[in-house]
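# Summary of the model geometry
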Amino acid sequence: MQTYCIPVEHVNDGDILAKDVKNTRGIILVPKDCTINSYLKNKLIEMGIQNVWIYSRKRERKFTENDYLDLVYCFKKIFRGLSTGKEIDYTTINEISEVLLSDTLEDSEVIRL
């Protein structure tokens, strides 16, 4: 199943976390496979969590500009981290790239965006 990195503000009730949500010390705040609800979403925002990885939603619609912007946001966060001396997160870069590539192959709308 594909996963997507999206800003917490864009999480919907019923989305399922694909990765543990951790704080800056690496402590798990919300475990993988947890279903998001409005209470949990608000708590994540209060704790300063900016983005989360969720399992793909049912893709009844085409890849949208918001989907693309969510992935760009994740890339920007990685690059901001690099500028502050953090190590390259190859796993996240690889996952984002795979999402973009697979969606490009499945949906020509990605190329337009």
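The paragraphs below set out a description of the structure included in this document. (Residues numbered from 1 in each chain as written. Predicted model: local features only at pLDDT ≥ 70, side-chain atom pairs only at ≥ 80, totals over all residues. Heavy atoms only, no water.)

Before going further, it helps to examine the layout of surface pockets. If you add up the space inside the largest pocket, you get close to 950 Å³. K22, N51, K77, K86 and D89 are the residues nearest the centre of the largest pocket, which is lined by 24 residues in total. Secondary-structure elements contributing two or more residues to the lining of the largest pocket are β2 (21-22), β4 (51-55) and α2 (65-83). It is α2 that provides the largest number of residues to the lining of the largest pocket, a total of 6 residues. Tallied by class, residues from the lining of the largest pocket come to 8 nonpolar, 8 polar and 8 charged. (1 Å grid on protein atoms, 1.4 Å probe; cavity = no way out; pocket = protein on both sides within 12 Å on 5 of 7 lines; lining within 4 Å. Points joined across faces, edges and corners; volume = space filled by probe spheres on them. Helix = DSSP H or I, 4+ residues; strand = E, 2+ residues; numbered from the N terminus. Nonpolar A, V, L, I, M, F, W, Y, C, P; charged D, E, K, R; others polar.)

In this structure, G48 sits in the loop between α1 (38-46) and β4. Take G48: its relative accessible area is 48%, and that puts it in the partly exposed class. Linking G48 and V8, residues 40 residues apart in sequence, is a C-alpha distance of 9.5 Å. (Buried < 20%, exposed > 50% of the residue type's maximum accessible area, 1.4 Å probe, protein only.)

This brings us to the pairing of β4. Among the 5 residues of β4, 5 are classified as buried, and the element is accordingly described as predominantly covered. Here β4 shows two buried faces, one formed by N51, W53 and Y55 and the other by V52 and I54.

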